[in-house]
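Chain by chain, the residues run as shown.
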Amino acid sequence: MNPNPIDPARRRWLGSLALPAFGLSGCAAFDYRADDAPEALAEMRPLQPAPHLALVLGSGGPRGYAHIGVLRVLEEAGLRPDLVVGSSVGSLIGVFWASGLDAAEIDRRSMQGGPLTVFDPNPFADRGWIRGQRLQEYVNAGLQGRRLEDLPRRALVVATRRDDKTPRFFLRGNAGVAVRASSAMPGIISPVGIEGVEYEDGDESLPLAVSAARACGARFVLAVDVSARPGTTPADASQALRERDRRRRSRIEPEVAQADFLIHPDLPYNAGPFRSYFEASRQRGEAEARLRLPALRAQLSVT
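Residues numbered from 1 in each chain as written. Predicted model: local features only at pLDDT ≥ 70, side-chain atom pairs only at ≥ 80, totals over all residues. Heavy atoms only, no water.

Caption draft 1: A look at the overall build of the protein chain. Along its length, the protein chain carries 9 helices and 10 strands. Of all 303 residues assigned to the protein chain, the portion counted as buried reaches 58%. In the protein chain, once contacts between residues fewer than 6 apart in sequence are set aside, the share between residues at least 24 apart is 80%. Put simply, the protein chain shows about 12,100 Å² of open surface, and 51% of that area lies on carbon and sulfur atoms. (Helix = DSSP H or I, 4+ residues; strand = E, 2+ residues; numbered from the N terminus. Buried < 20%, exposed > 50% of the residue type's maximum accessible area, 1.4 Å probe, protein only. Contact = heavy atoms within 4.5 Å. Areas by Shrake-Rupley, 256 points an atom, 1.4 Å probe, with all protein chains shown as cover.)

Okay, here's the thing in structure tokens:
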């Protein structure tokens, strides 16, 4: 796929927000309370009961459609994670799955709209040309206003504290605000303020938050990395793009080392907000998961 004229960072986010809409009419966003603020890793305590199988869904914009394909295979195999951890687009798909939707329904809904469904342009803002309120409402509408702790499956959402670039973790509270914070890519979507602290994209600190699943006490962690594979940055890529890929890999590799099992689909490097790319990503995610399923079963059987 040839690069299009959209800046790569903007193109990545245009696609990541293309999981389209539930009806938004009459949906009111809820404000976070002080006791709903995210936690630092050192503050987290193991969940009770401890998750047996945790699924960690990584960031990656339109590459995140591969997560839907992986979920489909896990469901068919009868493997039901009891905790899902998501960063950025991984948080968006993760909370919908945690709400009780299966992969087929998430897939069906994902093809019903487009990026404009969740865009609320904010041309006069100095830190993001998308406000993010519509994304928040979109999530809360899809979850019927339920908070994270009220979902039938446990979910953890990763965001980044803007002032020091450290990760923070939402286990309770307003799901829409959590996903909005996890998805607030610098310069694209405005950061989210909670109790005087600003939060932004989980990709900026933990694109693949295996350590968060471990902190929750997970016995087995299955990580799904949808980032570009190492060494696939195009030869003609700009220095800024090369540096972005290098930084992301430096954040991902230590997390991969803590996982019990990794699924890393081989996705086209140049991503875009196109239905063809979404479908290709989903199909490659499903194909890679099917290929790796026997090894995953074997490892789970001895854990």
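Caption draft 2: Examining the pairing of strand E2 (residues 83-87) more closely. For E2, the tally of buried residues reaches 5 of 5 residues, placing the bulk of the element in the interior. What you see with E2 is no split at all: Leu83, Val85 and Ser87 on one side and Val84 and Gly86 on the other are buried throughout. The sheet contact formed by strand E1 (residues 53-57) and E2 spans 4 bridges and is parallel. If you follow Val56 over to E2, its bridge partner there is Val85. (Pairing = 2+ DSSP bridges.)

Caption draft 3: Region of the structure containing the pattern of salt bridges. Applying the stated rule across the entire model yields 24 salt bridges. Salt-bridge contacts for Arg248 lead to Asp203; the nearest nitrogen and oxygen are separated by 3.0 Å. Taken together, the residues span a long stretch of sequence, with Arg248 in helix H8 (residues 239-256) and Asp203 in the loop between strand E8 (197-200) and helix H7 (210-215) at a distance of 45 residues. Asp203 carries the same exposure label as Arg248, and that label is buried. With a closest N to O distance of 3.3 Å, Arg249 and Asp225 form a salt bridge. Of this pair, Arg249 sits in helix H8 while Asp225 is found in the loop between strand E9 (220-224) and H8, placing the two residues 24 residues apart along the sequence. Comparing Arg249 with Asp225, the two get one shared label, buried. (Salt bridge = Lys/Arg side-chain N within 4 Å of Asp/Glu carboxyl O.)

Caption draft 4: Quick peek at the packing of aromatic side chains. Scanning the entire structure with this criterion turns up 3 aromatic pairs. A ring pair is formed by Tyr65 and Phe278, whose centres lie 4.3 Å apart and whose planes are at 10°; its orientation type is stacked. Of this pair, Tyr65 sits in helix H2 (residues 65-76) while Phe278 sits in helix H9 (residues 275-301), and the two are 213 residues apart along the sequence. Classification of Phe278 by relative accessible area gives buried; the value is 6%. Over the aromatic face of Tyr269 sits the side chain of Arg63, whose NZ or CZ is 5.7 Å from the ring centroid. (Phe/Tyr/Trp six-rings, centres within 6.5 Å; stacked < 30°, edge-to-face > 60°. Lys NZ or Arg CZ within 6 Å of the ring centre and 35° of its normal.)

Caption draft 5: Structural detail: the pairing of E1. Summarising burial for E1: 5 of the 5 residues are buried, a large majority. Going residue by residue along E1, you find Leu53, Leu55 and Leu57 tucked away on one face and Ala54 and Val56 tucked away on the opposite face as well. The pairing of E1 with E9 spans 5 bridges and is parallel. Note that in E9 the partner of Leu57 across the bridge is Val224. Regarding the hand of the β-α-β motif, the stretch spanning E1, H2 and E2 is right-handed. (Right-handed = clockwise from strand over helix to strand, strands pointing away.)

Caption draft 6: Representation of the packing of H2 against helix H3 (residues 89-98) within the structure. Taken N-terminus to C-terminus, the directions of H2 and H3 make an angle of 35°; their axes are 11 Å apart at the nearest point. Two packed elements cross with a definite hand, and for H2 against H3 that hand is right-handed. Taken together, the residues of H3 that come into contact with H2 (itself represented by His67, Ile68, Leu71 and Glu75) are Gly90, Ile93 and Trp97. (Axes fitted to C-alpha atoms, helices over the stretch in contact; angles between N-to-C directions. Left-handed = near helix turned anticlockwise from the far one by under 90°.)

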